[in-house]
Amino acid sequence: MTGSMDLPAKGGFSFDLCRRNNMLQKNGLKLPGFRKTGTTIVGLVFQDGVVLGADTRATEGPIVADKNCEKIHFMAPNIYCCGAGTAADTEAVTDMVSSQLQLHRYATGRESRVVTALTLLKSHLFRYQGHVSAALVLGGVDCTGPHLHTVYPHGSTDTLPFATMGSGSLAAMSVFESKYKEGLTREEGIQLVSDAICAGIFNDLGSGSNVDVCVITKGKTEYLRNHQLPNPRTYASSKGYSFTKGQTEVLSTKITPLKQKVEVTEGGDAMEE
Amino acid sequence: MVGKNCFAIASDRRLGVQLQTIATDFQRVFKIHDKLYIGLSGLATDAQTLWVFRILDSFWYQRLVFRHKLYQLREERDMKPETFASLVSALLYEKRFGPYFCQPVIAGLGDNDEPFICTMDCIGAKELAKDFVVSGTASESLYGACESMYKPNMEPEELFETISQALQASVDRDCLSGWGGYVLIV
């Protein structure tokens with residue numbers, strides 16, 4: 001195996017290990033599972049803008065890998081995106097589109113529009129025919145008003161007044177369908193989103209832990225991280241485990257003091273012409 | 001595992017192919033710079049393996065050391081752990097459709113000796129944590145052991161005891177890990 005030390009690639013995916021992996025799989029090697037977000041993500045449009053909500057559990061098969069992960073990703077100061085599906089895909093896709101939007105803002109000098117983010121996301125996902133498994137709820141407020149969209153892994157999109165995605169989407173959608181009405185106030189919107197996420201947390205096994213909420217209005221975005229903590233850890237014993245020093249058998253110890261870094265600053269002498 | 005202005009990173013020492021042990025002193029935690037370490041665990045499932053590839057993927061860290069050295073030459077300083085984690089995540093995600101078979105655990109001290117730990121799955125999905133991160137064949141046991149044994153703001157001596165006990169307890173319940181452990185405390 002020659003690991004050629006080439007310069008960083010130009011970007012995009014690199015497929016050079018595929019042939020090797022296929023050969024390994026034919027010999028019986030199982031590919032390690034990816035971390036999924038197994039989520040409940042929701043969004044709704046209220047009278048002044050958009051409210052997005054997400055749970056905070058990340059799963060790796062049946063195990064909870066992260067009890068408090070962030071699923072509401074930043075796209076632009078006025079646009080946020082919740083992601084469900086494979087965790088690496090949602091993070092990579094939202095970071096990539098966020099950078100492209102920033103470059104676009106520098107080029108045009110204007111605030112980003114939600115449809116720009118939408119088009120960038122859907123064209124990327126369609127190009128990979130659903131293999132980049134990212135299901136997103138994109139919401140934001142721009143000069144044309146508040147917008148809420150859902151993006152499916154194959155690249156199709158929907159524009160809706162309220163939307164849910166992820167494994168807990170049915171539980172959350174039932175709450176929305178019964179309680180949503182047009183012209184909600186900010187408090188009602190946040191309450192409804194929290195109720196929908198809690199429905200997902202308590203009724204879906206792939207969602208859990210806490211509720212994150214993000215409220216986007218014209219000119220202001222509020223990210224309420226851990227807005228509700230309906231699953232506190234109450235069973236922890238107050239004494240905890242305490243180990244006495246020397247309880248672990250040590251075969252050998254090596255202590256290396258770290259080198260002090262000395263900064264040399266030159267006196268500011270002007271250069272002679 | 002995170003302690004008070006310090007971190008500990010530990011791994012077991014067994015290297016094996018299915019149920020056969022090849023080595024009992026295999027080093028899995030590698031140094032990137034004085035205050036940044038990365039541990040690379042192999043496959044989480046151990047079906048019939050071609051162990052050559054598995055070990056070579058564990059030596060993937062040499063590519064990371066190379067990238068860090070380039071960074072040091074350009075920026076004239078060491079990489080911060082958060083930056084390094086993003087680098088590893090990007091390198092792993094590049095191979096999204098033909099991934100490397102390793103799951104890294106990254107631990108480092110950032111600005112003001114603030115400890116930083118994170119783990120990733122084999123395609124680069126970062127999981128930052130404030131208390132502990134685990135990976136490997138015994139990861140399910142490790143989650144349980146660390147969850148119960150961890151206490152916030154531990155001093156280095158206590159942190160060493162806790163992480164060793166958690167590692168030994170979990171590894172004792174896993175056939176594919178064992179033969180003691182290496183623990184690094186910074």
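Everything numeric here is computed off the predicted structure, so don't read it as measured data. (Residues numbered from 1 in each chain as written. Chains lettered and ligands numbered in written order. Predicted model: local features only at pLDDT ≥ 70, side-chain atom pairs only at ≥ 80, totals over all residues. Heavy atoms only, no water.)

*Asks:* Is there a simple way to think about the overall build of chain B in this case?
*Replies:* Each helix and strand counted, chain B has five helices and nine strands in total. Taken from N to C terminus, the helices and strands of chain B fall in the order β-β-β-β-β-α-α-α-β-β-β-α-α-β. For chain B, buried positions account for 59% of its 186 residues. The long-range fraction of contacts in chain B, counting pairs at least 24 apart against all pairs at least 6 apart in sequence, stands at 62%. Taken as a whole, chain B presents about 7900 Å² of accessible surface, with 49% of it coming from carbon and sulfur. (Helix = DSSP H or I, 4+ residues; strand = E, 2+ residues; numbered from the N terminus. Buried < 20%, exposed > 50% of the residue type's maximum accessible area, 1.4 Å probe, protein only. Contact = heavy atoms within 4.5 Å. Areas by Shrake-Rupley, 256 points an atom, 1.4 Å probe, with all protein chains shown as cover.)

*Asks:* Whenever I open this one, the sheet that holds strand β4 (residues 29-33) of chain B confuses me. Can you help?
*Replies:* Each strand in a sheet pairs with its neighbour through backbone hydrogen bonds, running either in the same direction (parallel) or in the opposite one (antiparallel). Residues and elements named next belong to chain B. One open sheet holds the five strands; their spatial order is β4-β5-β6-β7-β8, and the pairing between them is antiparallel. Single-partner strands in this sheet number two, and they are β4 and β8 (126-129). Put simply, the sheet's adjacent strands are angled 20° from each other on average, direction ignored. Pairing of strand β6 (residues 103-109) with strand β7 (residues 115-120), which is carried by five bridges, proceeds in the antiparallel orientation. (Pairing = 2+ DSSP bridges. Axes fitted to C-alpha atoms, helices over the stretch in contact; angles between N-to-C directions.)

*Asks:* Could you clarify how one ought to interpret the sheet that holds strand β8 (residues 145-151) of chain A in this entry?
*Replies:* Residue and element names in this part refer to chain A. The strand order across the open sheet formed by five strands is β5-β6-β7-β8-β9, and the pairing between neighbours is antiparallel. Each edge of the open sheet is held by one strand with a lone partner, namely β5 (72-76) and β9 (157-159). Each neighbouring strand pair of the sheet contributes to a mean axis angle of 25°, computed without reference to strand direction. Alignment of strand β7 (residues 134-142) against β8, held across seven bridges, turns out to be antiparallel. When the bridges of β8 are listed, D142 appears paired with G145. Together, β5, β6 (79-85) and β7 form the strand contacts of helix α2 (residues 87-108), whose direction differs from that of β5 by roughly 20°. Packing against the sheet, helix α3 (residues 114-127) makes contact with β5, β6, β7, β8 and β9, and its axis sits at approximately 165° to β7.

*Asks:* Where do I start with the interface of chain B and chain A in this structure?
*Replies:* Often, the extent of an interface is quoted as the loss of accessible area upon association of its parts. Taken residue by residue, the interface counts 51 residues in chain B and 55 residues in chain A. A buried area of about 4800 Å², summed over both sides, lies between chain B and chain A, and 62% of it is on carbon and sulfur atoms. The interface formed by chain B and chain A holds two salt bridges in total. Between A:D89 and B:R96 there is a salt bridge, with the nearest N and O atoms lying 2.6 Å from each other. Between the two partners, chain B and chain A, sit six residue pairs in polar contact (both at pLDDT 80 or more). With seven residues, helix α5 (residues 156-172) of chain B is the largest single contributor of residues to the side of chain B that touches chain A. Residues that form the side of chain B that touches chain A fall into these classes: 20 nonpolar, 13 polar and 18 charged. (Buried area = accessible area lost by both parts, 1.4 Å probe. Salt bridge = Lys/Arg side-chain N within 4 Å of Asp/Glu carboxyl O. Polar contact = N/O pair within 3.5 Å; in protein donor to acceptor, adjacent residues only side chain to side chain. Nonpolar A, V, L, I, M, F, W, Y, C, P; charged D, E, K, R; others polar.)

*Asks:* Would you mind going over the UniProt feature "active site" (unreviewed entry) in chain A with me for this structure?
*Replies:* Per the UniProt entry, the sites bearing "active site" (unreviewed entry) are A:T39 in this numbering. Excluding residues within four positions of it along the chain, A:T39 makes contact with A:D55, A:K71, A:G83, A:A84, A:M165, A:G166, A:S167, A:G168, A:D204, A:G206 and A:S207. (UniProt positions renumbered as here; feature names shortened; annotations may be inferred.)

*Asks:* Can you walk me through the pattern of salt bridges in this structure?
*Replies:* A side chain with one charge can pair with a side chain of the opposite charge if their charged atoms come near. Per the stated rule, a full pass over the model turns up 16 salt bridges over all chains. Among the salt bridges present, the one from A:D212 reaches A:R225, with a minimum N-O distance of 2.6 Å. Of this pair, A:D212 sits in strand β11 (residues 211-217) while A:R225 sits in strand β12 (residues 220-228), placing them 13 residues apart in sequence. A salt bridge links B:R28 to B:D12, with the nearest nitrogen and oxygen atoms 2.9 Å apart. One end of the pair, B:R28, is in the loop between β3 (20-23) and β4; the other, B:D12, is in strand β1 (residues 8-12), and 16 residues separate them in sequence. No difference in accessibility class separates B:R28 from B:D12, as the two residues are buried.

*Asks:* Just checking my understanding: could you explain the side chain of A:S98 for this structure?
*Replies:* All names here are of chain A. By the secondary structure assignment, S98 is in helix α2. Look at S98 and you get buried, because its relative accessible area is 11%. Contact partners of S98, with chain neighbours within four places excluded, come to F74 and M75.

*Asks:* What should I look at first to understand the packing of helix α2 (residues 61-75) of chain B against helix α3 (residues 81-94) of chain B in this one?
*Replies:* Helix packing for two helices is described by the angle between their axes and how far apart those axes are. Residues and elements named next belong to chain B. Put simply, α2 and α3 touch, their axes get as near as 11 Å, and they point 130° apart. Between α2 and α3, the interaxial angle falls into the category oblique. Two packed elements cross with a definite hand, and for α2 against α3 that hand is right-handed. Across the interface between the two elements, L64, R67 and Y71 of α2 pack against T83, F84, L87, V88 and L91 of α3. Partitioning the contact of α2 with α3 into residue classes produces six nonpolar, one polar and one charged. (Parallel < 35°, antiparallel > 145°, perpendicular 65-115°, else oblique. Left-handed = near helix turned anticlockwise from the far one by under 90°.)

*Asks:* Mind showing me how you'd approach the packing of aromatic side chains here?
*Replies:* In the structure shown here, the tally under the stated rule is six aromatic pairs over all chains. Ring plane angle 55° and centroid distance 6.0 Å describe the contact between B:F132 and B:Y150, whose orientation is recorded as tilted. Here B:Y150 lies in the loop between α4 (139-149) and α5 and B:F132 lies in the loop between β8 and α4, a separation of 18 residues in the sequence. When sorted by exposure, B:F132 lands in the same class as B:Y150, which is buried. Linked through ring pairs, A:F74, A:Y80 and A:Y223 together constitute an aromatic cluster. Across from the ring centre of B:Y182, 5.6 Å away, lies the NZ or CZ of B:R13, which sits over that ring. (Phe/Tyr/Trp six-rings, centres within 6.5 Å; stacked < 30°, edge-to-face > 60°. Lys NZ or Arg CZ within 6 Å of the ring centre and 35° of its normal.)

*Asks:* Before we go on, may I ask you to explain the confidence of the model for chain B in this structure?
*Replies:* Detailed reading of predicted coordinates is not advised where the pLDDT is low. Residue and element names in this part refer to chain B. Chain-level statistics for chain B give a pLDDT mean of 84 and a share of 90% at 70 or above. Looking across chain B, the model is least confident in helix α1 (residues 51-58), with a mean pLDDT of 56, and most confident in β7, with 92. Low confidence marks residues 44-50, where pLDDT is under 50. Its contacts with residues over four positions away, or in another chain, come to 22 contacts. Scored as a complex, the prediction yields pTM 0.82 and ipTM 0.78. (pLDDT = per-residue confidence, 0-100.)

*Asks:* Which parts of the structure should I look at to understand the confidence of the model for chain A?
*Replies:* Scored by pLDDT, chain A comes out at a mean of 85, with 86% of its residues at no less than 70. A low-confidence stretch, residues 1-5 of chain A stays under pLDDT 50, and its non-local contacts, those more than four residues away or across chains, total seven contacts.

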